[in-house]
Amino acid sequence: MDTHKLIKPLFASSVAAIFTISVPALAEGVSAGTLIENTATATYEDGEGPQTVDSNTVVVRVDELLDVTVTSLDGGPIGADPGEAVLTFEVTNQGNGPEAYELSVNPAIAGNDFDTIVVNIAVDTNGNGTYDPGVDEILTAPEATQVLEADEALTVFVIVTVPDGVVDGQASDIELTAEAVTGIGVPGTVFAGQGVDGGDAIVGPTGADGSAIGSLLVGITSVDLTKSVSVVDPFGGTSAVPGSIATFTIIATVGGSGSVDDLIVADAIPEGTAYADESITLDGADLTDASGDDAGEGSDATGISVDLGTVAGGTVHTVTFDVTID
């Protein structure tokens, strides 16, 4: 008898592994504290038919990655003059777990034409992107943010004082730095047991700290007025006699690199004269006397006014009007 025929061969047919994650992944990676579970399965056939056997389940808890970025939201230098100025930044938790960040400001950057005085750091409480005194929260020492969830961003305002004595065109940089409250260090630094659910916290590529520069550019603007008069008498001469027409010319020179708002040039009608109706001009263009029609307005009682609105530094505007000597 061939005993080999009495032995049924065993054939292992396949081995598989079952891999599961307990929660979905975030845009910046799997959430800290997520349990990654893995179980292997083997299937085979023996003398009694198909068989399946599972391995033990291996569980890996994802550690917390500490990462942050800071960016300036100003889009370029902020125009400033002596007094308060506000710079706007965004702090973003680039890690995979909740984290708070301690903020600090350095106003003394190498190359500054002047250094500012830091007054406060505030957070955008109402979310409108504009600093609102009395509404937005002022951070107190240690100046730390609220806990930010993974991928969450926070708008931060740095309020500074520009000193007296600055000169038009001078510039100053201000640096805002955010450091993870859990800790900072070279990438890969481990803070054992300080992550989510008692896991470790690991410093990510940014070193768990980030910084950005905001800039101020002094735009001190001045307005200088020069007034002159020319006279034409009824006889073709330049004598000031009854019936002569006096034309007043007012030149507004706006200097500096900034701008001024709501610039209005006004003048009273001198005693002994009468305003010549519809005689106002601005830069050679005729204006009406009626209010609201254009930039001009004029009458004997109120005099003349010309609303130039917002005017940039480095420009010159000329206003003229006529009166008749009584």
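Throughout what follows, the structure given in this document is the object of discussion.

What counts as what
- Throughout this document, residue positions are counted from 1 along each chain, in the order its sequence is written.
- In view of the model being predicted, local features appear only for residues whose pLDDT reaches at least 70, and side-chain atom pairs are presented and counted only at 80 or more, with totals across whole chains, interfaces and linings using the full set of residues.
- The side-chain quantities take in all heavy atoms of the structure and omit both hydrogens and water.
- Any Lys or Arg side-chain nitrogen found within 4 Å of a carboxyl oxygen on Asp or Glu counts as a salt bridge.
- Segments assigned H or I by DSSP are reported as helices when at least four residues long, segments assigned E as strands when at least two residues long, and all are numbered from the N terminus.
- Buried, partly exposed and exposed residues are distinguished by accessible area as a fraction of the type maximum, computed with a 1.4 Å probe on protein chains only: under 20%, between the cut-offs, and over 50%, respectively.
- Within 3.5 Å is the distance limit for a polar contact, defined as a pair of N or O atoms, with the added protein rule that one can donate a hydrogen and the other accept it, and that residues adjacent in sequence qualify only through two side-chain atoms.
- Nonpolar cores were defined as sets of buried Ala, Val, Leu, Ile, Met, Phe, Trp, Tyr and Cys residues, with membership established by side-chain atoms within 4.5 Å.
- Residues are treated as being in contact if the distance between any of their heavy atoms lies within 4.5 Å.

### Examining the pattern of salt bridges
Then comes step 1: Applying the stated rule across the entire model yields 1 salt bridge.
Then comes step 2: For the salt bridge of lysine 227 with aspartate 267, the shortest nitrogen-to-oxygen distance reads 2.4 Å. Placement of the pair is lysine 227 in strand S18 (residues 222–232) and aspartate 267 in strand S20 (residues 259–267), with a sequence separation of 40 residues.

### Quick look at the environment of alanine 110
Then comes step 1: Locating alanine 110 in the fold gives a position in the loop between strand S10 (101–106) and strand S11 (117–123).
Then comes step 2: For the pair formed by alanine 110 and glutamate 48, sequence separation is 62 residues and the distance between their alpha carbons is 82 Å.

### What about the side chain of threonine 39?
Then comes step 1: By the secondary structure assignment, threonine 39 is in strand S4 (residues 35–46).
Then comes step 2: Using a relative accessible area of 15% as the deciding quantity, one classes threonine 39 as buried.
Then comes step 3: A polar atom in the side chain of threonine 39 sits 2.6 Å from the side chain of threonine 57.

### Digging into the nonpolar core
Then comes step 1: Judged by nonpolar contacts, the single largest core of 32 residues is most densely connected at Val91, Leu103, Val156 and Leu216.
Then comes step 2: When residues of this core are traced back to their parent elements, those giving at least two are strand S7 (68–72), strand S9 (83–93), S10, S11, strand S13 (153–162), strand S14 (171–180), strand S16 (201–203) and strand S17 (209–218).
Then comes step 3: A per-element tally of this core places S13 first, with 5 residues.
Then comes step 4: With near-sequence residues (within four places) excluded, valine 156 lies in contact with Leu87, Thr88, Phe89, Val91, Leu103, Ile121, Ala122, Val123 and Leu176.
Then comes step 5: Core analysis: the second largest hydrophobic core is formed by 21 residues, Val254, Val260, Ile280 and Val323 among them.

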